[in-house]
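Overview (structure and organization)
Chain residues, written in single-letter form:
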Amino acid sequence: MSAHVLRRFAAGGLLVPLALLTACSSAAAGDGSGKLSIVASTDVYGDIARQIAGADAQITSIITDPAQDPHSYEADPRNQLAIAKADIVIENGGGYDDFVDSMLQAVGHPGTVLNAVKISGHIAPPGGELNEHVWYDFPSVQKLVARLVDALTTAEPSDKATFTANAATFVAKLKGLEAEEAQLKLAHQGDGAAITEPVPVYLLDACGLVDKTPTAFSDAVENGTGVPAFVLKQTLDLFSSGQVKLLAYNEQTSGPETQQ
């Protein structure tokens, strides 16, 4: 699989509709504008909300820095105030952004909460852990968009046509990405891939690629623990033996083992 194809697939497709590396515009919720207030845990979901709600909502993304790990994020009083005043809260769930659940519980939030993992229907495999990175699973994103349209329509029934049209435009982008996944799958079904941590596994699966990485390696990187020497050797051997054609590398968790 050529590096050119992969770069175009990422930079030209995935990052645009989901805004994985860019911050959507943020403003304080409940600012007196009279608009619906939507608070998202990260700008991935804030950008989705912006594209569906359009000018009818004020969007606040709590985390806008791609280098910030939501697992360890510590919310502040301003975040909690935004949550308290939000009409709609969008969180990833699945243990990814637990700080949102803590704030929801603290303020007794009465509004609508959209939990992407719960909406996706993904569950942990027997004896394994749930892959909570569902924004890389385009069917799950489509389910979230449908629920967001319902929530927005309930709040502002007169704008249903706008929300529905915006959602159709957004889903069309996702369908285009799914078509690219299908093309890659035709060309690379069964090819081996390696990961530094499980973030892109849904995407790789849809492209027909098989994750060959020792679980102990990706778990250690994700959890910030040291990779045992024999596990690192097993992982490096995947490349020297030609078992993998692609490395999916997360720059947010760079370290000596991942750089090797």
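This text follows the structure it describes.
Some remarks on the pairing of strand β2 (residues 57–63)
For β2, the buried fraction is high: 7 of the 7 residues fall into the buried class. The sheet contact formed by strand β1 (residues 36–42) and β2 spans 6 bridges and is parallel. The partner of Thr42 across the bridge, within β2, is Ile63. A crossover links β1 with its parallel partner β2, the connecting element being helix α2 (residues 43–53), and its sense is right-handed.

Topic: the sheet that holds strand β4 (residues 112–115)
Reading across the sheet, the 4 strands line up as β2-β1-β3-β4 and stay open at both edges, with parallel pairing between neighbours. Across the chains shown, the open sheet's two edge strands, defined by having one partner strand only, are β2 and β4. Adjacent strand axes in the sheet meet at a mean angle of 15° when their direction is disregarded. When strand β3 (residues 88–91) meets β4, the two strands line up parallel, connected through 4 bridges. Each residue of the ladder has a partner; that of Ile88, found in β4, is Thr112. Against the sheet, α2 engages β1, β2 and β3, with an angle of about 150° to β1. Along the sheet face, helix α3 (residues 77–85) touches β1, β2 and β3 and points at about 135° away from the line of β1.

Here we look at the sheet that holds strand β7 (residues 246–248)
Taken together, 3 strands build an open sheet; the order of strands is β6-β5-β7 and the sheet is parallel. Each having just a single partner strand, β6 (210–211) and β7 make up the two edges of the open sheet. In the sheet, strand β5 (residues 192–195) pairs with β6 via 2 bridges, with the strands oriented parallel. Residue pairing across strands places Ala193 opposite Asp211, the latter belonging to β6.

Describing the packing of aromatic side chains
Considering all chains together, one arrives at 3 aromatic pairs under this definition. Look at Tyr96 and Trp135: their rings are 5.0 Å apart centre to centre, the planes differ by 55°, and that puts the pair in the tilted class. Here Tyr96 is found in the loop between β3 and α4 (98–107), whereas its partner Trp135 is found in the loop between α5 (116–120) and α6 (138–155), with 39 residues between them in sequence. Pair check on accessibility: Tyr96 and Trp135 agree, each one buried.

Comments concerning the pattern of salt bridges
Here the structure, examined in full by the defined rule, presents 4 salt bridges. Across the pair Lys175 and Glu178 runs a salt bridge whose closest N-O atoms are separated by 3.8 Å. Remark: Glu178 and Lys175 occur in helix α7 (residues 160–188); sequence separation between them is 3 residues, near one turn of the helix. Asp237 serves as the salt-bridge partner of Lys233, at 2.9 Å between the closest nitrogen and oxygen. Residue Lys233 and its partner Asp237 are both found in helix α10 (residues 229–240); the two are separated by 4 residues, about one turn of the helix. Residue classification places Lys233 among the exposed positions, given a relative accessible area of 53%.

Points about helix α9 (residues 215–223)
Within the span of α9, buried status applies to Phe217, Ser218, Ala220 and Val221. Buried residues of α9, viewed axially, fall in a sector of 160°; they line one side. In α9, the exposed positions angled more than 90 degrees off the buried face are occupied by Thr215 and Asn223. Where α9 is buried, its residues meet β5, α10 and α11 (256–259). Once α9 finishes, Gly224 follows within two positions and takes phi at roughly 75°, a positive value.

Calculation notes
Residues numbered from 1 in each chain as written. Predicted model: local features only at pLDDT ≥ 70, side-chain atom pairs only at ≥ 80, totals over all residues. Heavy atoms only, no water. Buried < 20%, exposed > 50% of the residue type's maximum accessible area, 1.4 Å probe, protein only. Helix = DSSP H or I, 4+ residues; strand = E, 2+ residues; numbered from the N terminus. Pairing = 2+ DSSP bridges. Right-handed = clockwise from strand over helix to strand, strands pointing away. Axes fitted to C-alpha atoms, helices over the stretch in contact; angles between N-to-C directions. Contact = heavy atoms within 4.5 Å. Phe/Tyr/Trp six-rings, centres within 6.5 Å; stacked < 30°, edge-to-face > 60°. Salt bridge = Lys/Arg side-chain N within 4 Å of Asp/Glu carboxyl O. Arc of directions from axis to C-beta.

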